[in-house]
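Below, each chain spelled out in residue letters.
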Amino acid sequence: MTGADVGATPEAREPSGGTWSRWQRRLGAGRQADYRFETHRAVAVITVVFTAAVHAWVGWTARGPVIVPDETGTLGAAHVLAGVEPSWLLAGSGFMPGLAIFVTPAWWLTSDPWVIYYCALAVVWVFSVLAIWPLARIAAHFGAAPHASWVMAAVVSLAPGRALLGNYAMAESLLTFAIAATIAVALQLTQKMTPTWGAVLGAAAGFTFLAHGRGLAVVVAVVVWSLVVLWRKWNVLAATLLSACVSVGAAWALYQWIVGALYWNDMRASNTLRGVSAGVMEIVAITSGMAWYAVAAWPAVAVAGLIIVCLSLRRRPVSLLVLLAAAAVYGAAAVQLVFPAQTALRLDLFIYGRYVDPLLVILAVIGLASLVRLRSWAFSGAIVLVTATVLFGFHVLTLPHVPVGGQWFDVHIAGVSHYFSRFNYANSLREPWELLSLATLGLTICFVALARIRAFLIVALGSYFAVLTAADDVVRVDPWNERGSKSESVASVAATLDPQYPIAFDYDFGAAINIYTYALNPTPLHVVNLDEEAPGTPYLYSSVNAEVPARDGAVPLAVRDGVGLVLWVYPGPEQDRLNELGLLAERE
């Protein structure tokens, strides 16, 4: 690794006036010459390969869908796109089909749901690694040397908030890639103001929406940014907006078609908008909690990135896009989380990180590049001050709303889940929030201090993220996933059934159908209202206390699958066969 002092950058010497410029000069007070850190190409390659290996290792132990609505939604959308039979039937809210498009070919090769699931995890891994490229491009724009930018992008990709999502067939990795790629395209557009690059930016923004519904916030940010930055180039602006509208419209049309073929009760739009009518203070509390997550999960680097983005708004047009995207993503996430936070005894809903991590990794790579490059005590002090302010604001605005003994799921707060105690949850005890905030502030100060030893900050941060990711995955995430995955037990219970018969599903328990649709593939399922119609098949999934099947002479299987429902077998040859095998429960 090599490094050298270089003169202050042109933007540091640029004369300007106004209040904002005075703040910029104050933050540059006592600033030494910029430090240019560069490393050998082999080091960059090794770092990227190591990061890719960590992501692969994290997902290696996955055994089936755990976050059932999200994961089966992706697999089901791919099933619809593949056009294979029998058709799937899912319940709940639909998901944008970006990840499903890349999983679709797997359905043409096999009908084994576990093979399809592992293919989806492989796609997640591919996009986790691919995201390093646009992240490196962003780091380079904010002052990182060519090879060092790849090292920095790989290091931030080791963070638990990024790597632990490799346990699940969800679209966060694709969304992270899409957001980073969109910003990288915007960088290119600012250098080549042509309609072609404008159209590419609009399509990239549309792809973020295709990747995930939360990508719509990024689309809004791109539209606003284009109106501000490109208004003098009307042909470029028109190409950008037209491309964005067409791609978003196409993504929405594809989503609607898939949902119509796959879900029997899609509630995505209504569920997303439930928080719109919430009070201002509730939204502020959620936003403050997510800010606490940002400084705790991405110590020093996220705040450093935000400061640099704010200070470079005039000099770097892309900084405005990053800031707009951050505001839009945080705002949309807060609105979406308010309603469940008011109705569920959940701790994680007040510090939800999964919705904002794809944007925080952008700020983190900008912050890391800036911490390594800049030598300013004022900049270091500002990072600590902003972090302390966020922590204080959390204790005032958010903590009074956080339920004592509230439940949480590691996947939703992957960057900070190691802070919380299962013992406290089991015994309804308060988490030591003051100690957690002090630990966060201490970590921030440590990393800011290490930034004075330029290359050492990269090594220390990478080691911290890698060790934390590995420890969380082994100690917390994998054991929880093993307990939470019910697909294997569902498949084993149904292994004795005759595959020529479809399986009926009680309408009253239809929300639980997703894991059964996945695990029992290719056996078709259909939903029935027992008060109005007969199952039409020997098999019915319903409650163990269901009165209608018991009245009609059905008997449940003796073995349960752990999901909470039982398989009733109606009178006929199948009931006789299973009874002879001793697989039915005794009649009461």
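Here is a short report on the structure shown in this document. (Residues numbered from 1 in each chain as written. Predicted model: local features only at pLDDT ≥ 70, side-chain atom pairs only at ≥ 80, totals over all residues. Heavy atoms only, no water.)

**Considering the sheet that holds strand β6 (residues 555-556)**
Turning to step 1, where the next piece is worked out: Within the open sheet, the 5 strands sit side by side as β4-β3-β5-β7-β6. Their pairing is mixed. Taken across any chain shown, the strands that pair with only one partner, and hence form the sheet edges, are β4 (525-528) and β6.
Turning to step 2, where the next piece is worked out: Here strand β5 (residues 539-542) pairs with strand β7 (residues 566-569) via 4 bridges, running antiparallel. The residue of β7 that forms the bridge with Y539 is V569. (Pairing = 2+ DSSP bridges. Helix = DSSP H or I, 4+ residues; strand = E, 2+ residues; numbered from the N terminus.)

**Thoughts on a negative patch on the surface**
Turning to step 1, where the next piece is worked out: A surface patch of negative charge is lined by D508, D531, E532 and E533.
Turning to step 2, where the next piece is worked out: Residue placement: E533 occurs in the loop between β4 and β5.
Turning to step 3, where the next piece is worked out: Look at E533 and you get partly exposed, because its relative accessible area is 39%. (Patch = residues over 30% accessible without salt bridge, like charges linked within 9 Å, V, L, I, M, F, W, Y side chains within 5 Å. Areas by Shrake-Rupley, 256 points an atom, 1.4 Å probe, with all protein chains shown as cover. Salt bridge = Lys/Arg side-chain N within 4 Å of Asp/Glu carboxyl O. Lys, Arg positive; Asp, Glu negative; His and termini not counted. Charge placed at Lys NZ, Arg CZ, Asp CG, Glu CD. Buried < 20%, exposed > 50% of the residue type's maximum accessible area, 1.4 Å probe, protein only.)

**As for the pairing of strand β3 (residues 503-506)**
Turning to step 1, where the next piece is worked out: Of the two faces of β3, both are covered, the one formed by I503 and F505 as well as the one formed by A504 and D506.
Turning to step 2, where the next piece is worked out: Two elements, β3 and β4, share 4 bridges in a ladder whose sense is parallel. Note that in β4 the partner of D506 across the bridge is V528.
Turning to step 3, where the next piece is worked out: Of the crossover connections in this fold, the one passing from β3 over helix α24 (residues 513-519) to the parallel β4 is right-handed. (Right-handed = clockwise from strand over helix to strand, strands pointing away.)

**Quick notes on the packing of helix α17 (residues 317-343) against helix α18 (residues 357-373)**
Angle between the axes and distance between the axes are the two parameters that describe a pair of packed helices.
Turning to step 1, where the next piece is worked out: Running from N to C, α17 and α18 cross one another at 145°; their axes reach a closest spacing of 10 Å. For α17 against α18, the interelement crossing comes out left-handed. On α18, the residues that touch V322, A325, A326, V329 and Y330 of α17 are L359, L360, I362, L363 and I366.
Turning to step 2, where the next piece is worked out: In terms of residue class, the contact of α17 with α18 is built from 10 nonpolar, no polar and no charged. (Axes fitted to C-alpha atoms, helices over the stretch in contact; angles between N-to-C directions. Left-handed = near helix turned anticlockwise from the far one by under 90°. Contact = heavy atoms within 4.5 Å. Nonpolar A, V, L, I, M, F, W, Y, C, P; charged D, E, K, R; others polar.)

**Observations regarding a nonpolar patch on the surface**
Turning to step 1, where the next piece is worked out: A contiguous nonpolar patch, built from L216, V220, V224 and V228 and spanning about 300 Å² of accessible area, is present on the exposed surface.
Turning to step 2, where the next piece is worked out: Within the element layout of this structure, V224 appears in helix α12 (residues 215-229).
Turning to step 3, where the next piece is worked out: Classification of V224 by relative accessible area gives partly exposed; the value is 35%.

**Let's talk about unusual backbone geometry**
Turning to step 1, where the next piece is worked out: The omega angle of the peptide bond from E85 to P86 is -5°, so this bond is cis rather than trans.
Turning to step 2, where the next piece is worked out: Within the secondary structure, P86 is located in the loop between α4 (68-82) and α5 (98-109).
Turning to step 3, where the next piece is worked out: The backbone phi angle of A300 is positive, close to 75°, even though this residue is not glycine.
Turning to step 4, where the next piece is worked out: Along the chain, A300 falls in the loop between α15 (280-297) and α16 (301-311).
Turning to step 5, where the next piece is worked out: Residue classification places A300 among the buried residues on the basis of a relative accessible area of 1%.
Turning to step 6, where the next piece is worked out: At S428, a position not held by glycine, the phi torsion is positive, near 55°.
Turning to step 7, where the next piece is worked out: Note on placement: S428 falls in the loop between α20 (422-426) and α21 (433-450).

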